Amino acid sequence: MRVGILGPLQVAGCAVGGARVRALLVRLALDPGRVVTTDRLIDDLWPGEAPAHPMAALQSLVSRARREAPGVISSHPAGYVLDVPPGEVDAWAFERLVRAGDVHRALALWRGPALADAADLPFASAPAARLEELRLTALATRIATDLSTTIATDLAPGPSTATAETPAPAPSVTSTDDPARGSTGTTADDPTARGAGLVAELEGLVAAHPLREPFHALLMRALITQNRRAEALALFERIKAALAEELGVDPGPELREAQLEALRDAEPKSNLPARLTSFVGRSEDMSRLKGQLGRARLVTLVGPGGAGKTRLAVEVAASLNVPDGVWLVELAAATGVRAALEGTLKTTDPVRALRGTAPLIVLDNCEHVIEEAATTARTLLSEVAGLRILATSREPLDIPGETLHHVLPLPEEKAAELFAERAAAARPDLRVEPERAARICRELDGIPLAIELAAARLRTMPLSVLVQQLGDRLAFRGGRTSEPRHRTMRAVIDWSWNLLSDRERELLRGLTVFSGGATYEAISQVCGGDLDLLSSLVDKSLIAVSGERYTMLETIRQYAAADLPELRQAHARYYTELAETADPHLRTGEQLKWLAVLDAEQGNLDAALRHSDDPLRVILPRLWPWIIRGRHREISEQAASMLRRVGDTPPPGRELAHGICRVLAGFVPTEAVLESDHPAALNSWALAGVGTPADVVSLTERQSGRLRDHPDLWTRSAALLAMGIVRFEYGAVTGAEDLLEPAVDGFRAVGDRWGQWAGLFWLSLVAENRGDFAAAVALAEEPERLAAELSGLGTPLGPMTFLIRVGQLKGRAGDHAGAARALERAWEVAVRSEDQAIVARVMHARAELARRTGRPEEAARLLEAALALDVEVSTQLRAYMNVELARVREPREPLRRALELMATCSDRTARATVLEGVAEHLEPEAAAELLGAARTLRGIGESADPHVNELAAKCRAALGEHGYRSASARGSAMPNPERYALRPLSSP
């Protein structure tokens, strides 16, 4: 198929992005080869309120669709056409195949809900419903055909030939995870698997369509082929009651015929409890467990309390076809395993009763009788060759042949689904936003029991109050019939805590000082815990191993936490030494490796900073990685917090760290800082904006001059970089390249990516300042790659900044297609980030490109929308947006706002950019004066910017060469050109 709308939109060979573009293609695909009028498209795509300029919006949408799916859309005087034969649109092919009776091929075209990309638009509802109805009819036809080849006698198990050493054939395993799929996924020549697969598929369809009689009749017939007649009869009673209650009708002929077929005595052997609530989020676990039970005779579900091991085991057991019975042996309240087994099987000799059969036994909650459970399981497996055991425990049984399945907390999406479903049961009127549900579930570690207990509390409190109570999660209580050990999360963990030795409890308490996990080396150094004790806690599901780290759920941390001041200080010392060890490596080719180490330990490093008795020692080696990551807000906040902790007087030996914190908090640098070669001391005053521009230049000149002959190449390069940046930003721009280029060479030699990134970034700014946009693009593209490598946890430093910058520079250099590609990527990232400041930046860049490519109205719309955003952006950006707006709207007010914003700005290049923009709208003499002022601010002779040069040429033509030079010279000497430029804009 060339175009697919039976599921998410697919266009062969194309990646189509953007919800509105995909909706446009879906709408056209409903009428392939036929003209859809522009009015119809506008009404269908904007059903609520059309955009301000609907034709322009539609044309823009079509243009984008043509770029992303070339050759698919054709124009017509009345509208647009999907230029594809109907047979190459899957929905049309689907209907043709169904009418021809080829339902297998028809259903193979179905990938998900029809018209999914237009599901929220009214035009899609009727065709989507019609296609879905046709799919359900085709499904019933296909399943009936498959079922007719499955005979009940084929499912009868043959005699067991397994011995104690040879695994018996696995119980028939079927999957109920995907009720909407078009085939069972089973082996065609295996009638047992085929029949079980049909049952699983039909169970899903019946759940999804509770009043559709054909599916119920087919499921009853499929259950009969599995010797599950009692379940088939129970199903008949349920659908009969539902039809009477919901529709006021009796079952039809198909259902009555299936009932007659099921009326035989074939009750299955099982004591599994009936399901009381839906089962959410464990489809992958179920599939994996069924596969494990097909290969192993003992599978043990292990995991922390509350993870849902028992429920998962029961669901898996209930989904299997085990003719010789499935037995649940509950051990939580049992005094002995043997007694519980005998009571369940109603025999005093379980081995004799089971020998010669192939049942499945679920041994539930083995942990508190672990020794006897292990012994009993081994005996049973040795004596009963056909037996399989599915055990649940917080630690392994640890006997030969055991396969473990770790039941982990639910992933975020599934956890949120569970919370929303249980919340709806507690408060039917309440709808929980998925994002909020996900945040709550993250707080609760994704533990199903904790999620269910929290959701149940919504019966008595608002959602906002529940969120406030999450810190007290251990006290959340369950229902009246909950087992005592599951009544609260505290009781759940009590069950495990009471099974620990004193040494295990001591180590578990000690592990609570770590944040975000820890390596074995860290644990052994801080807690002194040996490997055997750690392994025991892992086995008992109180901690876990993830890669090279031991981790602990926050719920368990809250339970086990204690006041451990000595251990806290040992923890702080260890991670301080780790940061100090990493520090010199951050200025070498091992930079990324050590940044990754620090990222992995961020939680522990933050905890060390909070709890250390010597916080200035902790913060000093952390400053440089924060600078590398671009986390400037965190730097200033931590510096101010540090000064509040330690006061104005530095402790002995901590003068440098104290002095740098003072500078980062806005104070004048001390001699300890000025005389240091520590990387964070090199430009801390520039980072914090201490003093006037002249102060920054003076301080940097003094520091850099002292370090330019330093024996360490990195330090020399950093001194050159600092001076180059400060010279460009605050002083005379001339000569910045002479400092930045050797700095980049030095950083390349030592392998420091951050230094290369910073040097190339500022060299690109220098090239842009003189108007050489082609050179600026070339210099900006390499830092984009370096920034991506350096991006870390929560850092703003990354490709985003460079996508915007490269897009703008390419547009100014004339590469409009390249600019559009870069800004399209930037827009997608900005929208996903939900950072409105970034969104505003991209809108400004896209508006500039729209204006350059002859689309002034689009440019104006983007700029007005960006300026209307309630978000804090830099003074420079707001001024730039007003200058750009003046180019596509009445210029007077936007230019006034831009000049007023620049009145107190110290950014010389930003001021020059605004003055050049204002000059476009003034008379030649005033324009020439502002161009002269801008050139002085930039610190250049003649600009390479073609736009500026074109404007200068117009001024020369009007004023003559002498007049132009005189006006330019006057502008160069102006102390406050912005104030001068405001005068002609203020006059009526």
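Please read these numbers as outputs of a predicted model, since none were measured by experiment.

The rules we used
- Residues numbered from 1 in each chain as written.
- Predicted model: local features only at pLDDT ≥ 70, side-chain atom pairs only at ≥ 80, totals over all residues.
- Heavy atoms only, no water.
- Helix = DSSP H or I, 4+ residues; strand = E, 2+ residues; numbered from the N terminus.
- Buried < 20%, exposed > 50% of the residue type's maximum accessible area, 1.4 Å probe, protein only.
- Areas by Shrake-Rupley, 256 points an atom, 1.4 Å probe, with all protein chains shown as cover.
- Lys, Arg positive; Asp, Glu negative; His and termini not counted.
- Charge placed at Lys NZ, Arg CZ, Asp CG, Glu CD.
- Pairing = 2+ DSSP bridges.
- Expected span 1.5 Å × (residues − 1).
- Arc of directions from axis to C-beta.
- Contact = heavy atoms within 4.5 Å.
- pLDDT = per-residue confidence, 0-100.
- Salt bridge = Lys/Arg side-chain N within 4 Å of Asp/Glu carboxyl O.
- Axes fitted to C-alpha atoms, helices over the stretch in contact; angles between N-to-C directions.
- Parallel < 35°, antiparallel > 145°, perpendicular 65-115°, else oblique.
- Left-handed = near helix turned anticlockwise from the far one by under 90°.
- Patch = residues over 30% accessible without salt bridge, like charges linked within 9 Å, V, L, I, M, F, W, Y side chains within 5 Å.
- Nonpolar A, V, L, I, M, F, W, Y, C, P; charged D, E, K, R; others polar.
- Phe/Tyr/Trp six-rings, centres within 6.5 Å; stacked < 30°, edge-to-face > 60°.

Moving on, we get to the overall build of the protein. A tally of helices and strands in the protein yields 48 helices and 13 strands. Projected onto the principal axes, the alpha-carbon positions of the protein cover approximately 110 × 80 × 50 Å. Put simply, the protein has 988 residues, and 50% of those count as buried. Within the structure as shown, the protein displays about 44,100 Å² of accessible surface, and the carbon and sulfur contribution to it stands at 51%. Measuring between centres, the 114 positive side-chain charges of the protein sit 2 Å from its 132 negative side-chain charges.

Pairing in this open sheet of three strands is antiparallel, and the strands run β11-β13-β12 from one edge to the other. Whereas interior strands pair on both sides, the edge strands pair on one side only; in this sheet they are β11 (518–519) and β12 (544–546). With two bridges connecting them, β11 and strand β13 (residues 549–551) associate as antiparallel partners. Residue Thr519 lies in a different strand from β13, and its bridge partner there is Arg549.

Turning our eyes to something else, we now look at helix α3 (residues 54–68). In this model α3 runs 21 Å from its N-terminal to its C-terminal C-alpha over 15 residues, within 8% of the 21 Å that 1.5 Å per residue would give. Turning to α3, its buried residues number three or more, namely Leu58, Leu61, Val62, Arg64, Ala65 and Glu68. Mapping the buried residues of α3 onto a view down its axis gives an arc of 160°, with all of them on the same face. Buried-residue contacts for α3 involve α1 (19–29), α2 (38–45), β4 (73–76), β5 (79–82) and α40 (816–833).

Attention shifts here to the pairing of strand β6 (residues 298–302). Within a regular strand, the side chains alternate between the two sheet faces. Within β6, five of the five residues are buried, leaving the element largely enclosed by the surrounding structure. Strand direction decides the pairing type here: β6 and strand β9 (residues 388–393), joined by five bridges, are parallel. For Leu301, the partnering residue across the bridge sits in β9 and is Thr392.

So, about the confidence of the model for the protein. On average, residues of the protein score 87 in pLDDT, and 91% of them are at 70 or above. Within the model, the stretch residues 151–188 combines pLDDT values under 50 with 76 contacts to residues more than four positions away or in other chains. Taken as a whole, residues 793–797 scores under 50 in pLDDT and shows 15 contacts with residues more than four places along the chain or in a different chain.

Note on placement: Asp945 falls in the loop between α46 (924–938) and α47 (946–972). For the buried Asp945, no salt bridge exists, and the shortest N-O distance to an oppositely charged side chain is 6.1 Å, to Arg938. With sequence-adjacent residues up to four places away left out, Asp945 is seen in contact with Arg770, Gly771 and Phe773.

The next subject is the packing of helix α29 (residues 632–646) against helix α30 (residues 655–664). Two elements in contact, α29 and α30, have axes separated by 8 Å at closest approach and are oriented at 125°. As judged from the angle between their axes, α29 and α30 are oblique. Crossing of α29 over α30 shows left-handed handedness. For the pair α29 and α30, the contacting residues are Ile635, Ser636, Ala639, Met642, Leu643 and Val646 in the first and His658, Cys661, Arg662 and Leu664 in the second.

Both trends apply: most residues other than glycine have a negative phi, and most peptide bonds are in trans. Of note, the phi angle at Lys346 is positive, near 55°, even though the residue is not glycine. One can find Lys346 in the loop between α13 (337–345) and α14 (350–354). Of note in this structure, Asp398 is not a glycine but carries a positive phi near 60°. Relative accessible area serves as the criterion here: at 67%, Asp398 is assigned to the exposed category.

Bringing a nonpolar patch on the surface into the picture now. A contiguous nonpolar patch, built from Leu211, Leu247 and Val249 and spanning about 230 Å² of accessible area, is present on the exposed surface. Residue position: Leu247 is located in the loop between α9 (229–246) and α10 (253–262). Owing to a relative accessible area of 51%, Leu247 belongs among the exposed residues under this scheme.

Within the secondary structure, Ala788 sits in helix α38 (residues 773–790). Each C-alpha atom, one on Ala788 and one on Phe802, is 9.6 Å from the other, the two residues being 14 residues apart in sequence.

Attention shifts here to the pattern of salt bridges. Overall, the coordinates contain 67 salt bridges when judged by the stated rule. The salt bridge involving Arg431 is made with Glu433; its shortest N-O contact spans 2.8 Å. Residue Arg431 is classed as exposed on the basis of its relative accessible area, which comes to 60%. On the basis of relative accessible area, Glu433 is assigned to the partly exposed category, the value being 42%. The structure contains a network of salt bridges with shared partners spanning Arg27, Asp31, Arg34, Arg40 and Asp44.

Its location among the elements puts Ala333 in the loop between β7 (326–330) and α13. Owing to a relative accessible area of 77%, Ala333 belongs among the exposed residues under this scheme. It is 89 Å that separates the C-alpha atoms of Ala333 and Glu942, two residues lying 609 residues apart in sequence.

All right, on to the packing of helix α25 (residues 565–585) against helix α26 (residues 591–600) then. Look at α25 against α26: their axes get within 9 Å of each other, and the N-to-C directions meet at 160°. Relative to α26, α25 is oriented roughly antiparallel. For the element pair α25 and α26, the recorded crossing hand is left-handed. Within the contact between the two elements, α25 uses Leu578, Ala579, Thr581, Ala582 and His585 and α26 uses Gln591, Trp594, Val597 and Leu598. The residue inventory of the contact of α25 with α26, partitioned by class, reads six nonpolar, three polar and no charged.

Attention shifts here to the packing of aromatic side chains. Evaluated as defined, the whole model comprises eleven aromatic pairs. Both rings, one in Trp497 and one in Tyr559, keep their centres 5.6 Å apart while their planes meet at 65°; by these two values the pair is edge-to-face. Taken together, the residues Trp497 in helix α20 (residues 489–497) and Tyr559 in helix α24 (residues 554–560) connect sequence positions 62 residues apart. Looking at Tyr559, the relative accessible area reads 15%, which means it is buried. Seen from their ring centres, Trp754 and Trp757 are 6.3 Å apart, and the 50° between their planes marks the pair as tilted. Taken together, the residues Trp754 and Trp757, both in helix α37 (residues 753–769) and three residues apart, mark about one turn of the helix. By the ring-pair criterion, three or more aromatic residues cluster together here, those being Trp624, Trp714, Phe728, Phe747, Trp754, Trp757, Phe761 and Trp762.

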